[in-house]
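Notes for the structure review
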Amino acid sequence: MSPMQPVRMVVMGVSGCGKSTVGLLLAQALSLPYLEGDDLHSAANVERMRSGTPLTDEQRRDWLEAISQRLAQAQAQSAGIVVSCSALKRAYRDVLRRGAPDLQLVHLHGAPDLLARRTAERVGHYMPASLLDSQLAILEPPGPDERAMVFDIADSPETVVVRILARLQQEAAGGPGA
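Treat the numbers as computed from the prediction; the structure is a model and nothing was measured.

Rules behind the numbers
- Residues numbered from 1 in each chain as written.
- Predicted model: local features only at pLDDT ≥ 70, side-chain atom pairs only at ≥ 80, totals over all residues.
- Heavy atoms only, no water.
- Buried < 20%, exposed > 50% of the residue type's maximum accessible area, 1.4 Å probe, protein only.
- Helix = DSSP H or I, 4+ residues; strand = E, 2+ residues; numbered from the N terminus.
- Pairing = 2+ DSSP bridges.
- Lys, Arg positive; Asp, Glu negative; His and termini not counted.
- Salt bridge = Lys/Arg side-chain N within 4 Å of Asp/Glu carboxyl O.
- Contact = heavy atoms within 4.5 Å.

A look at the pairing of strand β5 (residues 148–152)
Of the two faces of β5, the one holding Met149 and Phe151 is buried and the one holding Ala148, Val150 and Asp152 is not buried anywhere. In terms of strand pairing, strand β4 (residues 104–109) meets β5 through five bridges, oriented parallel. Note on β5: the bridge partner recorded for leucine 105 is alanine 148.

Topic: the side chain of arginine 60
Mapped onto the secondary structure, arginine 60 falls in helix α3 (residues 57–76). Look at arginine 60: it is buried, it has no salt bridge, and the nearest opposite charge is aspartate 57 at 4.1 Å. Among residues more than four places away in sequence, those in contact with arginine 60 are Leu55, Leu88, Tyr92 and Ile138.

Concerning the pattern of salt bridges
Under the definition given, this model contains 12 salt bridges. Between arginine 97 and aspartate 94 there is a salt bridge, and its shortest N-O distance comes to 2.7 Å. Of this pair, arginine 97 and aspartate 94 both sit in helix α4 (residues 90–99), three residues apart, which is roughly one turn of the helix. Classification of arginine 97 as buried rests on a relative accessible area of 15%. Overall, the relative accessible area of 34% leaves aspartate 94 in the partly exposed class. Between arginine 147 and glutamate 171 there is a salt bridge, with the nearest N and O atoms lying 3.7 Å from each other. Here arginine 147 is found in the loop between α6 (132–138) and β5, whereas its partner glutamate 171 is found in helix α7 (residues 157–172), with 24 residues between them in sequence. Accessibility expressed as a relative area gives 40% for arginine 147, which makes it partly exposed.

These results come straight from atomic positions and should not be treated as a statement about function.
Right under this line is the structure:
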């Protein structure tokens, strides 16, 4: 089996899908740095979301560029990184890929009622459950050319991480899904 190359990975999906939990667990399992993409939002964007106002593409631009810069730093250092970022539209993912052309996506998806329940049950997050519908409305699932692994959030975060690691090992070995 060939050794795994450093991965630059974005765990993506709508609010409540478990991006942060899966991203952190995955980064720990791979011994890679983890970046919570939400931490790079401007104070103005956080306040907009807190008040229930969906962000426009223009308002997301600087945030996506900041994440792309972090991915580019990892790429330049031949280092791996795991980032959580909603990355809802292909155009947003294109910005991220400018920083890391070999970007690996992990798209977490689930039934709308499960996503709504999880979003409503979150404590201490500025993103209100009321914005879930707007995220689902603009979500463009990754296309077949976008190097995306897709996982259902009905499974536990730990199970999803085990499956991601298995897929990465398969790819490193040149097996199916590579």
